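# Inside the fold
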Amino acid sequence: MLRIESPNERAFRSEVRSWLDRNIPDHLRHLTFRPQPADAMPWYKALSRRGWIAPHWPVSAGGMGATPVEQAILMEELAQAGAPDIPTQGLNHIGPLLIKAGTPEQKAMHLSRIVNGDAIWCQGYSEPNAGSDLASLVTRARIEDDHLVINGHKIWTTWGHHAHWMFALVRTSGKRRDGITFVLIDMATSGITRRPIVTIAGDDEFCEVFFDEVRVPLSNVVGEIGQGWKVATSLLDDERMHLGTPLSVNRALVRLKRLVARLSKQEQARWMARVTEAEIAVETVTAAWLDVSERFEAGVGVENESSYLKILATETVQSILDMALEVAGSDAARCEPVLEGNKRIDVNEMFLQSRRLTIYGGSNEIQRSILATRVLGMGGGRG
Amino acid sequence: MPVWSEQERMIADSAADFFKAHGSTDRIRRRRDLHEHDRETWQSIADQGWIGMLISESEGGLGLDLREALVLMQQTSRFLTIEPLAGAIAAGQALVALPSLRKVKAEAISGTCLVLPAWGTIAQDGGKLSGHSQPLPGLRAADSVLLFDDKSQGMFLVNRSMKGIVMDAAPTIDGGNIGRLVLRDVQAEQIATGASVRNLSRTVKDTRLILEAAELVGIGGEVLGRARAYLETRKQFGVALASLQAVQQRIASVHVQVAAAEALLFEAARAFEGSKQSFAARAAFYRAGQAAHFACREAIQFHGAVGFTDELDVGLYLKRCLAITAAQGGLEAVRSGIAN
């Protein structure tokens, strides 16, 4: 962050830095993968106990009510300290959505469990034939007494095989955006089968989920039956802003710098200009995110601007990791991270994982179409 | 993109009105082969108070904050102002700091004496100065030059009438000019020395960079808007070009880069007077330069053959964009300025 920090912000940064220094377990620092729940969730809970797990949530919902600047400070320090990745579907997606649109019962049941780390969530949106074109989804739900009975198939479900709950879009009637219902599904319900999918990065970050006569109480519907599209998209800008935060670019920059630090002084000098380019790029993403977030908070005109943030942040991450591969030189293709003493240095893991960034959350091609048609007002395209 | 306050909106509007009245791109077309300073327009700019826009009202300036100045500079380049306004405003930051330059400051603000900043290597021999500056845009216009030698931490004020001063400048493609100031046994006094010079030099350099970054963002936004308008009206294959996805994807990429450069510009302004000031100014210039160059090239492509003609104004913006970045030694040089 470039701006001059206030005394309070400086104090917060140093408090975060020293707490992270003392509290991140050594074996979880600078990991190449997001750790499995057995490792990730104790860390999640530690952050939660410290009060920093949900910086962007209002205090009334158990969050920190942090300003965008405080959030950026947290992200920069988490990246710098090499803190492990945690699951975010609860924190960034369903949590804020329930705060806005959930029933009192739904809020009481779910919000504190998300903050405490007692419930892991996954998102059931994509289907084999409904990815970027989400409105073509066909997973069906019929109403029987006071239940929805769901049959169908969801895919690309991040952490679906670890999740306790899924928030999903299912078709209760109609076509396209009409007749879609937003529902919360307990993953322990009978009739659910999960099959992990191995990614090009070699991890099983996501899975597919099959529904066979899965019975979900109607009280788990968020909003009205058939109004799910509206519910799901009501926080779209907010959600896309989480895909455009400074967190991932800072993580990528830390990886790049750790690779550069292994080189001889002479070689380091050769890469200096590129590293500077990456630093400028990270500050650009941070500036853009702060700008949009601060205007979002103030309630002035950010509609669809999240699309530009998503494009900017995800493509910046990829460009920094492309650079990192070049810096890694002949180590770039190694299966295992490079060990330098007791330091584990990621070579290609995050690079491989980052290929998904420009695909998920609405591919960057979709985001560009949104920018062209809705922000730049270019006529004739699909809106 | 950052939302402007009421005050900033007024500044932007009045700048737009001013430049519409003073010829905009037509003025540049009329004068571009002369490569001479447009004294009349410069005086009008001075009459607006803009040369002293960052100087406090008690010191005879307009007392704008940096953010407001950036809004104004974006507007000047949208209307293709090629005058060395950024340099003159930046020089004012040093003039105001030294009581001994009170008179020069007043003349600079009023437009009677155009003072530009330059950096170079100056040797002193018995009170006589020799050496040369780095290339200075708008050199032909300068009445006086505030010269910094960062190595010896010296600061000098020389004017074109002094014996031993050579101010040869080459024409640049935007209609301006650029050249090195050469000193041969010039009888001129050192105005200041030591740490205070280091600080003033940094302030002036960073201020010029961020003001020029604003000009570059302005150019990017302007050509993006022009391309957008053209694509809406131009039809081929029976449809507006704006409806073609291949075109939409590309113009969206231009928007992303220009919007990001603008966000960085205003974030950089909040770094001023802090420890990251110089990094921020260079970073803002670098990204703004990249975005503006990208936008100009794409805008030419979007216009097709007419984009390649001299008749279309987009070419003028590309040339201005190149002149601004070249005057800093190019984007690569600005970036290595950070790395070193």
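Residues numbered from 1 in each chain as written. Chains lettered and ligands numbered in written order. Predicted model: local features only at pLDDT ≥ 70, side-chain atom pairs only at ≥ 80, totals over all residues.

Turning next to the overall build of chain A. In terms of helices and strands, chain A carries 12 helices and 10 strands. Taking 21 Å as the expected radius of gyration for a compact globule of 383 residues, we find that chain A reaches 21 Å, a close match to that expectation. The principal-axis extents of the C-alpha atoms in chain A amount to approximately 70 × 45 × 40 Å. For chain A, the residues scored as buried account for 46% of the 383 residues in total. If you take every contact in chain A between residues at least 6 apart in sequence, the share linking residues at least 24 apart comes to 71%. (Helix = DSSP H or I, 4+ residues; strand = E, 2+ residues; numbered from the N terminus. Rg over C-alpha atoms; globule rule 2.2 N^0.38 Å. Buried ≥ 20, exposed ≤ 12 C-beta atoms within 10 Å, placed from the backbone. Contact = placed C-beta atoms within 7 Å.)

Here the focus is the nonpolar core. Buried together is how nonpolar side chains tend to be arranged in soluble globular proteins. Grouped together as the largest cluster of nonpolar side chains are 219 residues, with contacts concentrated most on Leu256 and Ile320 of chain A together with Leu265, Ala268 and Ala284 of chain B. For this core, the leading source of residues is helix α9 (residues 277-303) of chain B, giving 16 residues. (Core = buried A, V, L, I, M, F, W, Y, C linked by C-beta atoms within 7 Å.)

Next up on the list: the domain arrangement of chain A. Taken domain by domain, chain A consists of domain 1 (7-86), domain 2 (120-231) and domain 3 (236-375). Placing the centre of domain 1 of chain A and that of domain 2 of chain A at their C-alpha centroids yields a distance of 30 Å. (Domains from an automatic or database assignment.)

Residue and element names in this part refer to chain B. Within strand β5 (residues 154-159), 5 of the 6 residues are buried, which leaves the element mostly enclosed by the surrounding structure. Bridging between strand β4 (residues 144-149) and β5 involves 6 bridges; their strand directions are antiparallel. Bridge assignment links Asp149 to a residue of β5, and that residue is Gly154. Taking the residues between adjacent antiparallel strands as the criterion, β4 and β5 are bridged by 4 residues, where Gln153 takes a positive phi near 50°. Where β5 lies against strand β10 (residues 190-193), 3 bridges are found, and the strand directions are antiparallel. Counted as the bridge partner of Phe156 is Gln190 from β10. (Pairing = 2+ DSSP bridges.)

Residue and element names in this part refer to chain B. One open sheet holds the 7 strands; their spatial order is β6-β9-β2-β1-β4-β5-β10, and the pairing between them is mixed. What marks the edges here is a single partner per strand, and that holds for β6 (165-167) and β10. With strand direction ignored, the average angle separating the axes of adjacent strands in the sheet is 25°. (Axes fitted to C-alpha atoms, helices over the stretch in contact; angles between N-to-C directions.)

Moving on, we get to the sheet that holds strand β8 (residues 177-179) of chain B. With antiparallel pairing, the 3 strands of this open sheet are ordered in space as β3-β8-β7 (chain B). Each having just a single partner strand, β3 (136-137) and β7 (170-171) of chain B make up the two edges of the open sheet.

Of the positions making up helix α11 (residues 331-339) of chain B, those classed as buried are Val334, Arg335 and Ile338 of chain B. Buried residues of α11 of chain B, seen end-on, are gathered within an arc of 95° and therefore sit on one face of the element. For α11 of chain B, the exposed residues lying more than 90 degrees away from the buried face are Glu332 and Ala333 of chain B. Taken together, the buried residues of α11 of chain B touch α9 (265-298) of chain A together with α9 of chain B. (Arc of directions from axis to C-beta.)

Residue and element names in this part refer to chain A. Counting buried positions along strand β5 (residues 180-186) yields 6 of 7 residues, so the element is predominantly enclosed. As paired strands, strand β4 (residues 165-171) and β5 are joined by 7 bridges and run antiparallel to one another. Bridge assignment links Leu169 to a residue of β5, and that residue is Phe182. Taken together, the 2 bridges between β5 and strand β8 (residues 221-222) define a ladder with antiparallel strand orientation. In the sheet register, Phe182 faces β8, and the bridge partner there is Val222.

Bringing the interface of chain B and chain A into the picture now. Taken together, the contact pairs 36 residues of chain B with 32 residues of chain A. Of all the elements, helix α8 (residues 245-269) of chain B adds the most residues to the side of chain B that touches chain A, at 15 residues.

So, about the packing of helix α8 (residues 246-261) of chain A against helix α10 (residues 306-328) of chain A. Residue and element names in this part refer to chain A. Axis separation between α8 and α10 bottoms out at 9 Å; the angle between their running directions is 10°. What the angle tells us is that α8 and α10 run roughly parallel. Mapping the contact onto sequence places Ser248, Val249, Ala252, Leu253, Arg255, Leu256, Leu259 and Val260 in α8 and Ala313, Thr316, Val317, Ile320, Leu321, Met323, Ala324, Val327 and Ala328 in α10. Of the residues belonging to the contact of α8 with α10, the class tally is 14 nonpolar, 2 polar and 1 charged. (Parallel < 35°, antiparallel > 145°, perpendicular 65-115°, else oblique. Nonpolar A, V, L, I, M, F, W, Y, C, P; charged D, E, K, R; others polar.)

Take the packing of α9 of chain A against α11 of chain B next. Contact pair α9 of chain A / α11 of chain B: the axes reach a minimum separation of 9 Å and the direction vectors enclose 95°. The angle between the axes of α9 of chain A and α11 of chain B places the two elements in the roughly perpendicular class. Where α9 of chain A abuts α11 of chain B, its residues Met272, Ala273, Thr276 and Glu277 of chain A lie against Arg335, Ser336, Ile338 and Ala339 of chain B.

A few words now on unusual backbone geometry. Positive phi outside glycine occurs at Trp159 of chain A, with the angle close to 55°. Within the secondary structure, Trp159 of chain A sits in the loop between β3 (147-158) and β4. Note on Trp159 of chain A: 22 C-beta atoms within 10 Å, which makes it buried. Its identity is not glycine, yet Leu80 of chain B carries a phi of approximately 60°, on the positive side.

What follows concerns helix α1 (residues 6-21) of chain B. All names here are of chain B. Look at α1: 23 Å from first C-alpha to last across 16 residues, which is about the 22 Å you get at 1.5 Å a residue. When α1 is considered as a whole, its buried residues turn out to be Ile11, Ala15, Phe18 and Phe19. Down the axis of α1, the sector holding all buried residues measures 90°, keeping them to one side. Opposite its buried face, α1 presents the exposed residues Glu6, Arg9, Asp13, Asp17, Lys20 and Ala21, each directed more than 90 degrees away. Those residues of α1 that are buried lie in contact with α2 (24-31) and α4 (66-78). The first or second residue beyond α1 is Gly23, which carries a positive phi of 100°. (Expected span 1.5 Å × (residues − 1).)

All names here are of chain A. Here Gln106 is to be found in helix α5 (residues 104-116). Separated by 114 residues in sequence, Gln106 and Asn220 place their C-alpha atoms 7.4 Å apart. If we ignore the near neighbours within four places in the chain, the residues touching Gln106 are Leu98, Leu184 and Val222.

Residues and elements named next belong to chain A. Summarising the element assignment, Arg374 is placed in helix α12 (residues 364-375). Judged by the 15 C-beta atoms lying within 10 Å of it, Arg374 falls in the partly exposed class. Considered as a pair, Arg374 and His242 are 132 residues apart in the sequence and their alpha carbons are 20 Å apart.

Attention now moves to the confidence of the model for chain B. Chain-level pLDDT for chain B is 95 on average; 99% of the residues reach the 70-or-more range. Interface confidence for the predicted complex, given as ipTM, is 0.95, next to a pTM of 0.96. (pLDDT = per-residue confidence, 0-100.)

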